[in-house]
Amino acid sequence: ASGSGGGRSVFGFPAKSNAGSPAETAEKPGSRWVRLNVGGTYFVTTKQTLCRDPKSFLFRLCQEDPDLDSDKDETGAYLIDRDPTYFGPILNYLRHGKLIMDKNLAEEGVLEEAEFYNIASLVRLVKERIRDNENRTSQGPVKHVYRVLQCQEEELTQMVSTMSDGWKFEQLISIGSSYNYGNEDQAEFLCVVSRELNNSTNGIVIEPTEKAKILQERGSRM
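Residues numbered from 1 in each chain as written. Predicted model: local features only at pLDDT ≥ 70, side-chain atom pairs only at ≥ 80, totals over all residues. Heavy atoms only, no water.

An unreviewed UniProt entry lists the chain under the name Potassium channel tetramerization domain containing 2, with Gasterosteus aculeatus aculeatus given as the organism.

This is how it looks when you write it as structure tokens:
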């Protein structure tokens, strides 16, 4: 078990308290408050919170199960030789039923503690989160295929409205008027479209034609 000397307090409750403080109240017989010394760090919570899961280690601790070998330090706090860093998410889950973790904590660490404290619902929740993260990692980042299409002003509406097969409009680049038709200038545009890269492309990104590249460069300088 971890020693209590020099232990720090958590959630604003002092490691050594004056008369009438929550820490002292937690030591009184019949009090609803419970004081825990987890790896040298103190936590103060209620019996109701710790008894949320009747099959858990913490429930048995509150009930002072004779089959559970538990010691107390000189302040009356239950000694638990576990990592206090991962006890915070465990305790908060018992308080409100949600798994909330700092981004620097690993799900595997929370899972290890959830299994130690025998909180079955939390074990399932953490395993689901780990599985979801693994699935996202295996899929990798989403890649896109881009195409640059040249069109005249009068063709824009029809082209955008008839796009299919997952193509989405990305950008419209004006390249000015390249020629005259009758008495009117015919404005030309480059239309950039994209869609998610799928297996049918075999990982090959379709590059714009050389003409389209030249027109795109020309448009970007205007």
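J.: Tell me about the side chain of Arg 35, residues and numbers included.
T.: For Arg 35, the location among the structural elements is in strand 1 (residues 33–38). Looking at Arg 35, the relative accessible area reads 2%, which means it is buried. In terms of polar contacts, Arg 35 uses its side chain to reach the side chain of Thr 75, at 3.4 Å. (Helix = DSSP H or I, 4+ residues; strand = E, 2+ residues; numbered from the N terminus. Buried < 20%, exposed > 50% of the residue type's maximum accessible area, 1.4 Å probe, protein only. Polar contact = N/O pair within 3.5 Å; in protein donor to acceptor, adjacent residues only side chain to side chain.)

J.: So, the environment of Ile 175: which residues are in play, and what are the values?
T.: Position of Ile 175 among the secondary structure elements: in strand 5 (residues 168–181). Judged by relative accessible area, which is 1%, Ile 175 ranks as buried. Linking Ile 175 and Phe 189, residues 14 residues apart in sequence, is a C-alpha distance of 5.5 Å.

J.: Explain the nonpolar core residue by residue, including any values.
T.: Leu 36, Leu 58, Phe 87 and Tyr 117 are the most contacted members of the largest nonpolar core, which totals 31 residues. Where this core is concerned, the elements lending two or more residues are strand 1, helix 3 (57–62), strand 3 (78–80), helix 4 (87–96), helix 5 (107–116) and helix 6 (120–139). (Core = buried A, V, L, I, M, F, W, Y, C linked by side-chain atoms within 4.5 Å.)

J.: Just give me the short version of the environment of Tyr 78, but keep the residues and values in it.
T.: Relative to the helices and strands, Tyr 78 is located in strand 3. By relative accessible area, which is 10% here, Tyr 78 ends up buried. Put simply, Tyr 78 and Arg 35 are 43 residues apart on the chain and 6.5 Å apart in space, counted from C-alpha to C-alpha. Excluding anything up to four places from it in sequence, Tyr 78 contacts Val 34, Arg 35, Leu 36, Asn 37, Leu 61, Glu 64, Ser 70, Asp 71 and Lys 72. (Contact = heavy atoms within 4.5 Å.)

J.: Describe unusual backbone geometry, naming the residues involved and giving the relevant values.
T.: If a residue is not glycine, its phi is most likely negative; likewise, a peptide bond is most likely trans. For Asn 118, which is not glycine, the phi torsion reads 60 degrees and is therefore positive. You can call Asn 118 partly exposed: its relative accessible area is 42%.

J.: I'd like to hear about the confidence of the model for the chain, residue by residue, with values.
T.: Residues with a pLDDT of 70 or more make up 67% of the chain, whose mean pLDDT is 75. Per-element confidence in the chain ranges from a low mean pLDDT of 47 for helix 1 (residues 22–27) to a high of 95 for helix 5. Note that residues 1–6 has pLDDT below 50 and, in this model, 13 contacts with residues that lie over four places away or in other chains. In the predicted structure, residues 218–222 sits below a pLDDT of 50 and forms eight contacts with residues beyond four places in sequence or in another chain. (pLDDT = per-residue confidence, 0-100.)

J.: Help me get a handle on helix 5, residues and values and all.
T.: Among the residues of helix 5, Glu 107, Gly 109, Val 110, Leu 111, Glu 113 and Ala 114 are the ones counted as buried. Asn 118 sits one or two positions beyond helix 5 and adopts a positive phi of about 60 degrees.

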